[in-house]
Amino acid sequence: MSGDGDNGGGIGGAVDDEARGDVSRGDALRGDASRGDESEGRDDRVPAAEAVTVTEAVAVTEAGTGTEAVTGTGTGAATGTAARLQKLFEGHRLTPTQRRIAHCMVRRAADAPFLSSVELAELAGVSQPSVTRFAVALGFDGYPALRRHLREVAPAEKPGDTGSYNEYQQAVQAEIDNLRHLAAALADPSPVIEAGRLFAASRPLPVLGLRAATAQAAGFTYFARKVHPDVRLLDEGGTMLADRVDAAVRAGASALLCFALPRHPREVVDALAYARTAGLTVVTVADSVFAPVAHHTDLLLPAAVGTGLAFDTACAPMLLGRVLLEAMCDALPDAQARLEEFDAKAAARGLFVE
């Protein structure tokens, strides 16, 4: 079940390839690929112009996810596995469905080596044949070969069993994992520092967030206005959105911050493309480096969302927004003075109940 978050989708009569033996490379290309993806009602092959390499998606930010240097066991090992998975996907031209599978595997890096093709298909919201085609696209004979490879480079033991947790506890645990991955990514603070510098220099600073991302954009804007002289919230789509981008550019804006969360509205993708043509430097907080907004972003900062409940949970994107606020304050020489002025006026007005 899903609302404004990731939508799942049935796996369309999928058959576990571990139970029946995986299809060969030739069968995958001749058979499954010819009849399309059952869960999406279409062939997931796309023209070369529409397919992109994972390298292109990851290269949006030179720092990537910042997980390459993380080693060890536990969370560090899982994060290192995520980095190795991204390396595995680099250089391959993947369809949108295949990028969805890749995103799912990176997000569930600790579990990926232990998932059957049916389980992975269900988690990614695609069909089992799509998982087989994905493995073939990476150069393996089938999904079992890909899974064997993952087990060779993954931590030796599967993470602790959370089967005794109820669905609410599992959702909380998933968000804790997302925050741990964010903490590992912030080991290299340079992308966040650069973003803070861009925001401080942009007068005004437009902040875009539609649908599921509206709350993230509004929260950032509320606090940013306490220290930045001109922050403009863009939280409504429609034909006026481009006009508001134009107005910000005319007023002197040089950068735009976007919060982009699943499901990704087409308007957001179009707005970012328009903002870049208008000369703005686009910084985006997205759920993944594989998000549809990646190609219209100058600096992409990934923060995963939780998908265990009916509606996605976005603790990591929210926290990353607060980190960006801190970086912007560090780059604004009068930020502290503005905060002290606000506190003095708030006290004089009795604004808050102590």
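Nothing here was measured: the structure is a model prediction, and the numbers come from that model.

What counts and what doesn't
Residues numbered from 1 in each chain as written. Predicted model: local features only at pLDDT ≥ 70, side-chain atom pairs only at ≥ 80, totals over all residues. Heavy atoms only, no water. pLDDT = per-residue confidence, 0-100. Contact = heavy atoms within 4.5 Å. Salt bridge = Lys/Arg side-chain N within 4 Å of Asp/Glu carboxyl O. Helix = DSSP H or I, 4+ residues; strand = E, 2+ residues; numbered from the N terminus. Buried < 20%, exposed > 50% of the residue type's maximum accessible area, 1.4 Å probe, protein only. Pairing = 2+ DSSP bridges. Right-handed = clockwise from strand over helix to strand, strands pointing away. Axes fitted to C-alpha atoms, helices over the stretch in contact; angles between N-to-C directions. Core = buried A, V, L, I, M, F, W, Y, C linked by side-chain atoms within 4.5 Å. Phe/Tyr/Trp six-rings, centres within 6.5 Å; stacked < 30°, edge-to-face > 60°. Lys NZ or Arg CZ within 6 Å of the ring centre and 35° of its normal. Arc of directions from axis to C-beta.

Caption draft 1: Structural view of the confidence of the model for the protein. On average, the protein scores 80 in pLDDT, and the residues at 70 or more come to 74%. The low-confidence segment residues 1-75 (pLDDT under 50) makes 169 contacts with residues lying over four places distant or belonging to another chain.

Caption draft 2: Spotlight on the pattern of salt bridges. Under the definition given, this model contains 6 salt bridges. Note that Asp298 and Arg276 form a salt bridge whose closest N and O atoms lie 2.9 Å from each other. Within this pair, whereas Asp298 is found in the loop between β6 (281-286) and β7 (299-302), its partner Arg276 is found in helix α13 (residues 266-277), the two being separated by 22 residues in sequence. By relative accessible area, which is 33% here, Arg276 ends up partly exposed. Between Arg338 and Asp334 there is a salt bridge, with its nearest N and O atoms 3.2 Å apart.

Caption draft 3: View of the pairing of strand β4 (residues 231-234). Two elements, strand β3 (residues 205-208) and β4, share 4 bridges in a ladder whose sense is parallel. Within β4, the residue paired with Leu208 across the bridge is Leu234. Between β3 and its parallel partner β4, the chain crosses via helix α11 (residues 214-224), and the hand of that crossover is right-handed.

Caption draft 4: Focus on the sheet that holds β3. An order of β4-β3-β5-β6-β7 is seen for the 5 strands of this open sheet, with the pairing classed as parallel. If you trace the sheet from one side to the other, it starts and ends with β4 and β7, each paired once. Each adjacent strand pair in this sheet contributes to an overall mean axis angle of 20°, direction not counted. The strands touched by helix α12 (residues 240-250) are β3 and β4; relative to β4, the strand with the most contacts, the crossing angle is about 170°.

Caption draft 5: Up close: the nonpolar core. In this structure, Phe89, Met105, Phe134, Leu146 and Leu208 are the most contacted members of the largest nonpolar core, which totals 49 residues. By size, the runner-up hydrophobic cluster in this structure holds 33 residues, among which are Leu182, Leu301, Leu320 and Leu332.

Caption draft 6: The packing of aromatic side chains, seen in detail. All told, the structure shown has 5 aromatic pairs when counted by the stated rule. For the ring pair Phe220 and Phe259, a centre distance of 6.1 Å and an interplane angle of 55° mean the geometry is tilted. Of this pair, Phe220 sits in helix α11 while Phe259 sits in strand β5 (residues 255-260); the two residues are 39 residues apart in sequence, bridging distant segments of the chain. The two residues Phe220 and Phe259 agree in class, both being buried. An aromatic cluster of at least three residues, connected via ring pairs, comprises Phe199, Phe220 and Phe259. A cation over a ring is seen here: Lys226 above Phe342, with NZ or CZ 3.6 Å from the ring centre.

Caption draft 7: Examining α12 more closely. Along α12, the residues that are buried comprise Leu241, Val245 and Ala248. Here the buried residues of α12 occupy an arc of 60° about the axis, which is enough to place them on one side. Exposed residues on α12 whose side chains face more than 90 degrees from its buried face are Met240 and Arg250. The inward-facing, buried residues of α12 contact β3, β4 and α13. Directly beyond the C-terminal end of α12, a positive phi value near 115° is found at Gly252.

Caption draft 8: Up close: unusual backbone geometry. Omega for the bond connecting Arg203 with Pro204 falls within 30 degrees of zero, at 5°, which places this linkage in the cis form. Across the junction of Pro262 and Arg263, the peptide omega takes the value -5°, indicating a cis bond. A positive phi angle, close to 50°, is found at Arg211, a residue other than glycine. The residue Arg211 is located in the loop between β3 and α11 in this model. Using a relative accessible area of 58% as the deciding quantity, one classes Arg211 as exposed.

Caption draft 9: Focus on the environment of Lys226. The topology assignment puts Lys226 in the loop between α11 and β4. For Lys226, a relative accessible area of 19% puts it in the buried group. Among all residues touching Lys226, those that are not within four sequence positions of it are Arg338, Leu339 and Phe342.

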